[in-house]
Amino acid sequence: MTTNTKPAVVYTRGMANHSNENQQQLIEQQVCGSEYHVTATFSDTSSGTSEISRRPGLQKLFEALQANPNIHDVIVYDESRLSRRASDAGRVIQGLADMNVKVHYAANDLGSTEASATLAQFILMAERKAHGERIRRAINHKRIKQQI
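Residues numbered from 1 in each chain as written. Predicted model: local features only at pLDDT ≥ 70, side-chain atom pairs only at ≥ 80, totals over all residues. Heavy atoms only, no water.

### Describing the overall build of the protein
What counts, and what does not: Numbering of helices and strands runs from the N terminus; a helix is a DSSP stretch of H or I covering at least four residues, while a strand is a stretch of E covering at least two. Buried means the residue's accessible area, taken with a 1.4 Å probe over protein chains only, is under 20% of the maximum for its type, while exposed means over 50%, and partly exposed covers the values in between. In what follows, residue pairs with any heavy atoms lying within 4.5 Å of each other are defined as contacts. Exposure was quantified through the Shrake-Rupley algorithm and a 1.4 Å probe, taking into account, for residues, occlusion by the shown protein chains and nothing else.
When you go through the protein residue by residue, the secondary structure sums to 4 helices and 5 strands. Ordered by position in the sequence, the α and β elements of the protein form the string β-α-β-α-β-α-β-β-α. Buried residues in the protein amount to 36% of all 148 residues. In the protein, once contacts between residues fewer than 6 apart in sequence are set aside, the share between residues at least 24 apart is 74%. Split by element, the accessible area of the protein, about 8,800 Å² in all, is 50% carbon and sulfur.

So this is what it looks like as structure tokens:
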């Protein structure tokens, strides 16, 4: 550990294309030579649509941040690793912001955004998903109507 680096914790949530191990490797590559050093890693294997109360790794992350107020940085693979639900993402982001913690994204070269901008990204992601669902339903409705 270099003395001029900042402590950070890592959070991973596994998914089909990006297992926790794959996310951890990418994050380690990004952290190597950066201004951060990882002090702990917290992981979940639940769906991104699972309620945050059912994600023990995320709960342990918050407990660790509360116990160590000198850590102000959390590194995740990308925005979707926190949650895919805008309401849950908002609670996570607000909780981190309340502790003066920034989120950094390894897929974005450890770039970070303020809590309000991150929440806006989640809302846009949710709106895109809802829009796609509406289009799929319209297409299916049209197909069914043509078959009648």
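### Focus on helix H1 (residues 20-31)
Stated precisely, the cut-off is as follows: Expected helix span is taken as 1.5 Å per residue step, with the number of steps being one fewer than the number of residues. Each direction from the helix axis to a C-beta atom contributes to the arc, which is the arc of those directions.
Helix length check: H1, at 12 residues, gives a terminal C-alpha distance of 16 Å against a target of 16 Å (1.5 Å per residue), a fit within 8%. The complete set of buried residues in H1 reads Asn20, Gln23, Gln24, Ile27 and Val31. One face of H1 carries all of its buried residues, which in axial projection span an arc of 100 degrees. Among the exposed residues of H1, those oriented more than 90 degrees off its buried face are Glu21 and Gln29. Lining the buried residues of H1 we find strand S1 (6-13), strand S2 (36-44) and strand S3 (73-76). Positive phi appears at Gly33, one or two residues downstream of H1, with a value of about 85 degrees.

### Considerations on the pattern of salt bridges
Here is the rule we go by: A side-chain nitrogen of Lys or Arg and a carboxyl oxygen of Asp or Glu constitute a salt bridge if their distance falls within 4 Å.
This structure, assessed with the given rule, holds 2 salt bridges. Its salt-bridge partner being Glu35, residue Lys6 comes within 3.1 Å of it at the nearest N-O pair. With a gap of 29 residues between them, Lys6 in strand S1 and Glu35 in the loop between H1 and S2 connect regions that are remote in the sequence. For Lys6, a relative accessible area of 36% translates into the label partly exposed. Using a relative accessible area of 42% as the deciding quantity, one classes Glu35 as partly exposed.

### Quick notes on the environment of His37
Structurally, His37 is set in strand S2. Classification of His37 as buried rests on a relative accessible area of 16%. C-alpha separation for the pair His37 and Pro7, spaced 30 residues apart in sequence, amounts to 5.1 Å.

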